[in-house]
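# Examination of the molecular architecture
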Amino acid sequence: MVAVMRALLLLGLALAALPAHAEPVSTFIGGIYAWLGTAAVGTMTWGTVITAALTVVSVASSMHATSQQKRRARQEAAHKLQQDIANLSDRRVMLLQSDSPHAVVYGSPGRIGCALAGMVTTGAGAQWTHMVLIFAAHPCEAIEEIYIDDDPVLAGPDGWTTNETFHKQPGGFMDYDHGPMVHVGIHLSPGGVDVADQWLIDQCNSSIGGAPGMWTADHKLSGFTYAIVSVNKIMDRFQGGPPTITAKVRGKASILDVRTGQRGYSRNPALCLADFITSEQGYGASWDQIDTAALIAAANACDAEVYGSEADDDAENYGNSRALYVCDGMFRSDQDRDNTCQQLEEAMAGFSMQSGGVWRIQAGAWSTPVLALGDVDMLKPAEVVQTANPGERVYNTARGTYVNAAQNGVSSDFAQYQNPVFLALDPHAKICDMALAFTGAHVRCHQLARVRVERSRGGLVLQIFPKMSAWHLQPGDRVLLSNAFLGFENKAFIVTDWRHSATAPLILEVEEDEPAFYDTADEVLADAAPNSNLPNPYAPPAPPHSLKVESGRDQLAMQVGSAMVRARVSWAQSGSSYVLFG
C-alpha cells in the first residue's frame, strides 16, 4: 500500500506541473480507476485509494492555484506598466472634445496638453479664432509658458505676443492686417473663483465681425485653470485648423499642508497623495479619515534635504528642489484611480493603506522603530509567510521611463541603474521595468530605482501574534523583533497589515526592513538584512581537533582467550549544535 501511495503522490506532483487546464484532473482520476481494474488491490481498501487520490488532487489543485495567482500577478504588473507608459505619452495630447476628462496637475511637470472646450470666430472675414483651452480642473499656481506647436508664446502684460515668431510684417499678399498674430489670456481661478475673459467679450461684441452673445460675463469657468488663445488666420500656419497647444503649468494651488494648516502649491508627494485621496477624482475621503501623524511624518521624510541644486535638471528652484522626493506630474479623471494612487506612491517609494476606515500614508524613508518585541510578548509562535521575494521579483537592475520636467514634456528613458554587488551574485541581469509618472528629475529616478532594487533583495515576511501591548501598532510602523527559534535579535520589521477578531488574537503581518534600503548609496552587502543568525545548515562542520590515538597494553582486549590489539582514537567535542543535537 505504501508503494501505491507513493505512486499516487508522484502522479499528483507530475499533474501539478501540467499546463493550466481542467481536463488533466479528470484524466488523472480516470487513470486511477483504469489502474484499479488491473492492479492487485487485495491489500488495501477502496477508501484508502480514494482518500489518497483526493489528497493528490488537492495537492495538485493547490499548486495549480498558486501558479494561477502568480500568473495573474505578473499580468497585472505588466498591465499597470503599460498604463503608466501610456499616461506619460498622453500628457501632451490636445483633446478636441468639449466633454473631455478632467486633468489634475501636481507640482511642476514638463509641458502638458489641454482640452479644447470651445472655439469662437470673430473679425473681418472671420480672421480671428479664439480657443478656450482648459489645462486643469482646479486652480493652479501659474501657467508659466504656453507653446504653439513647439514655439513658446511670449506675451506681454496686454496679452499680445512680443516674439517675432508670431508677428506678421507689413507688405505681404492681402496685407490688410499686420503686427502680433496671437493674443493670450490666462485664468487661474484663485480661490476657486474667476471672471470671464474681458478681451474675448470685447471681440464678440465688436461691430466688425463680432459674435454677440458667444462670450459673456457669465462665462467664468470658475474652478478651472484655462487660457484664451486667439490666433489670426492671416498667418499661414493657422489656416489649417487649431494648432497643437501645450503649456508649462505650476500645478494645484489648494493642497493642504497639515503641518501648517495652510493651503497652497506643493510638490510634496505625501501631501499630493493625501489631496488625491480626499479629492473627487480620487477616493472622496474626508480629512477625518487621514492619519494626520503618519501624514506629517511622511511629508517631513519627503522634504528631507539630501541633494544639491542639481536635483532638478531645470535652472529654477521651486523651494524644495533639494528634497528627497518631489511630485511633478498630471493625470486625467478617466484613468483608473488605483493606478493613479500607485503612481503617486511610487514618486516617494512608499505606500498608502486604508485600515478601519483610516488612510495611512508612508514614504520610502527610514524611521525609528516604535516598539521592541520578544518571545515573551507573543501569544503564539511566529509564522513565516515567505522567506524571500519570489525569484521573478528579485532584481539587480532597474530601467524605466519618465518625463524630464525641464524639457519639452516628451517621455524618455532614464539611465539604467545596476548594483554591481547584486549583479555579481546573480547568473544574469534581473531587470525591473519602471514608469515614473510623477518624477521629473533624473537623479530622483535613480534613487527610486535604487530603493526598488535593494528592497527586492529582502522579502522575509512573518505573521506575529503579539499581546495587547502591541495593539497600537499600525501599518507603516517599524518594530524590532527578537525570536530565538528563528534566530534573530532586534531585527527591524515594518508592519504591513493589521487584523483582529473576537475569536482570534491580534495578527500583524510584518516585512523585514533596513535603513540601508533608503539611503542614497549603493548597497555593498549581499544581504543587508540577514534573515537569521542561526548557523548555515548546509555548511559542513569544522574538522575534529585535538585528535589523539592511543595504543598499547592498556588498550588490549581479551576475547575467547585471545588478546586483541586495539587503538583508541579521541578528539575534542564539537561546538556545533548540528553535530551535538542533529
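Throughout what follows, the structure given in this document is the object of discussion. Everything numeric in this text was worked out from a predicted model, so none of it was measured.

If you look at the biggest cluster of nonpolar residues, it comprises 57 residues, and the most contacted ones within it are Tyr106 and Ile361. In terms of residue count, helix α5 (residues 269-278) provides more of this core than any other element does, seven residues in total. Beyond its immediate sequence surroundings of up to four residues, Ile361 is in contact with Ala270, Leu273, Ala274, Ile277, Ala294, Leu295, Ala298, Met348, Phe351 and Ser352. Within the second largest apolar cluster, 28 residues are counted, among which are Ala103, Val184, Val231 and Val249.

Bringing the sheet that holds strand β16 (residues 371-373) into the picture now. Ordered in space as β16-β22-β23-β24-β21-β17, the six strands form an open sheet in which the pairing is mixed. Every other strand in the sheet has two partners, leaving β16 and β17 (378-386) as the edge strands with one partner each. Each adjacent strand pair in this sheet contributes to an overall mean axis angle of 35°, direction not counted. Direction of pairing for β16 relative to strand β22 (residues 478-483): parallel, over a ladder of three bridges. Counted as the bridge partner of Leu373 is Leu481 from β22.

Structurally, Ile143 is set in strand β4 (residues 140-148). Residues Ile143 and Leu188, spaced 45 residues apart in sequence, show a C-alpha to C-alpha distance of 7.8 Å. Among residues more than four places away in sequence, those in contact with Ile143 are Phe135, Ile186, Leu188, Thr225, Tyr226, Ala247, Lys248 and Val249.

Even without a glycine there, the phi angle at Leu221 is positive, about 55°. Structurally, Leu221 is set in the loop between α4 (198-204) and β9 (225-232). Using a relative accessible area of 26% as the deciding quantity, one classes Leu221 as partly exposed. Phi is positive for Ala349, close to 50°, though the residue is something other than glycine. Position of Ala349 relative to the elements: it lies in the loop between α7 (337-346) and β14 (351-355).

A surface patch of nonpolar side chains, about 440 Å² in accessible area, is lined by Leu547, Val549, Val569 and Trp571. Looking at where Val569 falls in the secondary structure, it is placed in strand β28 (residues 567-570). Val569 sits in the partly exposed class, given a relative accessible area of 45%.

Another point: the packing of aromatic side chains. Scanning the model with the defined rule gives twelve aromatic pairs in all. Their ring planes at 85° and their centres at 5.7 Å tell us that Trp160 and Trp199 sit as a pair that is edge-to-face. Remark: Trp199 occurs in helix α4 and Trp160 occurs in the loop between β5 (151-153) and β6 (167-168); sequence separation between them is 39 residues. Given the relative accessible area of 19%, Trp199 is considered buried. Between Phe166 and Phe238, the ring centres sit 6.4 Å apart and the planes meet at 15°, which makes this aromatic pair stacked. Note that Phe166 is positioned in the loop between β5 and β6 and Phe238 in the loop between β9 and β10 (245-252), a separation of 72 residues in sequence. Phe238 shares its class with Phe166; the two are buried. An aromatic cluster is built from Tyr106, Phe276, Tyr283, Phe331 and Trp359, whose rings are joined through pairwise contacts.

Cut-offs used in this document
- Residues numbered from 1 in each chain as written.
- Predicted model: local features only at pLDDT ≥ 70, side-chain atom pairs only at ≥ 80, totals over all residues.
- Heavy atoms only, no water.
- Core = buried A, V, L, I, M, F, W, Y, C linked by side-chain atoms within 4.5 Å.
- Buried < 20%, exposed > 50% of the residue type's maximum accessible area, 1.4 Å probe, protein only.
- Helix = DSSP H or I, 4+ residues; strand = E, 2+ residues; numbered from the N terminus.
- Contact = heavy atoms within 4.5 Å.
- Pairing = 2+ DSSP bridges.
- Axes fitted to C-alpha atoms, helices over the stretch in contact; angles between N-to-C directions.
- Patch = residues over 30% accessible without salt bridge, like charges linked within 9 Å, V, L, I, M, F, W, Y side chains within 5 Å.
- Areas by Shrake-Rupley, 256 points an atom, 1.4 Å probe, with all protein chains shown as cover.
- Salt bridge = Lys/Arg side-chain N within 4 Å of Asp/Glu carboxyl O.
- Phe/Tyr/Trp six-rings, centres within 6.5 Å; stacked < 30°, edge-to-face > 60°.

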